[in-house]
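# Descriptive structure summary
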Amino acid sequence: GANITDIVVLVVAADDGLMPQTIEAINHTRAAKAPIIIAINKIDKDGINIERVKQQLAERDLLVESWGGTVLSCEVSAVTGQGIDNLLDTILLQSEMMELKCNPDMPATGAVIEAAMEKGFGPTMTALIQNGTLKVGDAFVAGVYSGRVRALYDDNNNKVESAGPSTPIKIVGCDDIPEAGDPFNAVADEKTAREISDKRLIIR
């Protein structure tokens with residue numbers, strides 16, 4: 001996940017602090033060299049110690065701005081919604097600092113997040129569109145497999161006709177099940193998609 005995202009939002013529970021899975025996420029993020037925003041969650045709970053969480057982060061060389069560091073952080077509550085607007089503004093600020101840009105008027109490119117065989121659909125995958133726009137009917141290559149978009153479903157499982165940049169989308173129409181992390185590319189036509197797929201299968 002860290003390899004296909006521009007910004008990592010690391011959620012740390014204010015009552016639990018850094019857990020083993022949190023430390024694992026930090027290590028993955030560092031390996032991917034992705035910027036981190038810390039979201040300290042559950043600030044609505046009684047008896048929490050936010051400074052203890054910041055101390056644990058500092059011990060992992062993640063020094064938040066309020067402690068004199070450079071790591072952006074926000075205090076939020078998923079239950080009450082407190083601090084969520086600030087978190088969204090912080091993400092926008094980080095993206096502006098990184099000058100993140102994309103072009104929706106080009107063939108879609110992205111990465112496979114997960115894939116499976118689904119009854120009634122056949123092979124399906126969820127991909128993150130990172131650039132361009134994917135439309136129903138587009139030919140594509142996902143990893144070593146090719147296909148044509150038969151249907152698209154958004155994150156609320158609503159059927160849609162297209163998906164633009166920064167959009168996770170469920171895709172129906174792949175020949176087989178690609179691997180998580182595989183590159184995804186829309187191409188000119190199904191013949192081109194099959195040719196690319198055949199070459200990748202030989203190399204593999």
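Just so it is clear, the model here is predicted, and its values are computed rather than measured. (Residues numbered from 1 in each chain as written. Predicted model: local features only at pLDDT ≥ 70, side-chain atom pairs only at ≥ 80, totals over all residues. Heavy atoms only, no water.)

### So, the overall build of the chain
Per the secondary structure count, the chain includes four helices and twelve strands. Residues classed as buried in the chain amount to 39% of the 204 residues present. Of all intrachain contacts in the chain linking residues separated by at least 6 positions in sequence, the fraction that spans at least 24 positions is 67%. Taken as a whole, the chain presents about 11500 Å² of accessible surface, with 49% of it coming from carbon and sulfur. For the chain, the centre of its 19 positive side-chain charges and the centre of its 30 negative side-chain charges are spaced 7 Å apart. (Helix = DSSP H or I, 4+ residues; strand = E, 2+ residues; numbered from the N terminus. Buried < 20%, exposed > 50% of the residue type's maximum accessible area, 1.4 Å probe, protein only. Contact = heavy atoms within 4.5 Å. Areas by Shrake-Rupley, 256 points an atom, 1.4 Å probe, with all protein chains shown as cover. Lys, Arg positive; Asp, Glu negative; His and termini not counted. Charge placed at Lys NZ, Arg CZ, Asp CG, Glu CD.)

### Quick notes on the nonpolar core
Ranked by internal contacts, the top residues of the largest apolar core, which has 18 residues, are Met125, Leu134, Phe140, Ile171 and Phe184. Elements that contribute at least two residues to this core include exactly strand S5 (122–131), strand S7 (139–142), strand S8 (145–153), strand S11 (167–174) and strand S12 (183–187). If sequence neighbours within four positions are ignored, methionine 125 has contacts with Val112, Glu114, Ala115, Phe140, Ala142, Ile169, Lys170, Ile171, Cys174, Pro178 and Phe184. Ranked by size, the runner-up nonpolar core spans 15 residues in total, among them Val12, Ala14, Leu18 and Ile40. (Core = buried A, V, L, I, M, F, W, Y, C linked by side-chain atoms within 4.5 Å.)

### Here we look at helix H4 (residues 190–203)
The terminal C-alpha atoms of H4, which comprises 14 residues, lie 20 Å apart, in line with the 20 Å expected from a rise of 1.5 Å per residue. By the N-cap criterion, in which a side-chain oxygen at the helix start approaches the backbone nitrogen of a residue two or three places on, H4 is capped by aspartate 189, the distance to lysine 191 being 3.3 Å. (Expected span 1.5 Å × (residues − 1). Polar contact = N/O pair within 3.5 Å; in protein donor to acceptor, adjacent residues only side chain to side chain.)

### Examining the packing of aromatic side chains
Applying the stated rule across the entire model yields two aromatic pairs. The residue whose ring lies beneath lysine 170 is phenylalanine 121, and the NZ or CZ to ring-centre distance is 4.8 Å. The ring of tyrosine 153 has lysine 170 sitting right over it, with the charged end atom 5.6 Å from the ring centre. (Phe/Tyr/Trp six-rings, centres within 6.5 Å; stacked < 30°, edge-to-face > 60°. Lys NZ or Arg CZ within 6 Å of the ring centre and 35° of its normal.)

### Points about the side chain of serine 146
Counting through the fold element by element, serine 146 comes out in strand S8. Using a relative accessible area of 4% as the deciding quantity, one classes serine 146 as buried. Polar side-chain contacts of serine 146 include one of 2.9 Å to the side chain of aspartate 175.

### Some points on the pattern of salt bridges
Evaluation of the coordinates by the stated rule reveals seven salt bridges. As a salt-bridge pair, glutamate 118 and lysine 170 come within 3.1 Å of each other at their nearest N and O atoms. With glutamate 118 in strand S4 (residues 109–118) and lysine 170 in strand S11, this pair connects stretches of sequence that are 52 residues apart. According to the relative accessible area criterion, glutamate 118 is partly exposed, its value standing at 28%. Taking the shortest distance from any N to any O, the salt bridge between lysine 191 and glutamate 195 comes out at 2.9 Å. Here lysine 191 and its partner glutamate 195 are both found in helix H4, four residues apart, which amounts to about one turn of the helix. The class for lysine 191 is exposed, based on a relative accessible area of 53%. (Salt bridge = Lys/Arg side-chain N within 4 Å of Asp/Glu carboxyl O.)

### Details of the sheet that holds strand S2 (residues 36–41)
Ordered in space as S1-S2-S3, the three strands form an open sheet in which the pairing is parallel. Both outer strands of the open sheet, strand S1 (8–13) and strand S3 (72–75), are each paired with one neighbouring strand and no more. Taking the axes of each pair of neighbouring strands and ignoring which way they run, one obtains an average angle of 20° across the sheet. Of the strand pairs in this sheet, S2 and S3 are connected by four bridges, and their pairing is parallel. The partner of isoleucine 40 across the bridge, within S3, is glutamate 75. (Pairing = 2+ DSSP bridges. Axes fitted to C-alpha atoms, helices over the stretch in contact; angles between N-to-C directions.)

### A word on the pairing of S11
Where a strand is regular, its side chains alternate between the two sheet faces. Of all eight residues making up S11, six are buried, and the element is well covered by its neighbours. Judged from the six bridges that link them, S5 and S11 form a sheet pairing that is antiparallel. The residue of S11 that forms the bridge with isoleucine 129 is threonine 167. Both S8 and S11 contribute to a ladder of four bridges, which runs antiparallel. Counterpart to leucine 152 in the pairing with S11 is isoleucine 171.

Read these as geometric descriptors, not functional statements.
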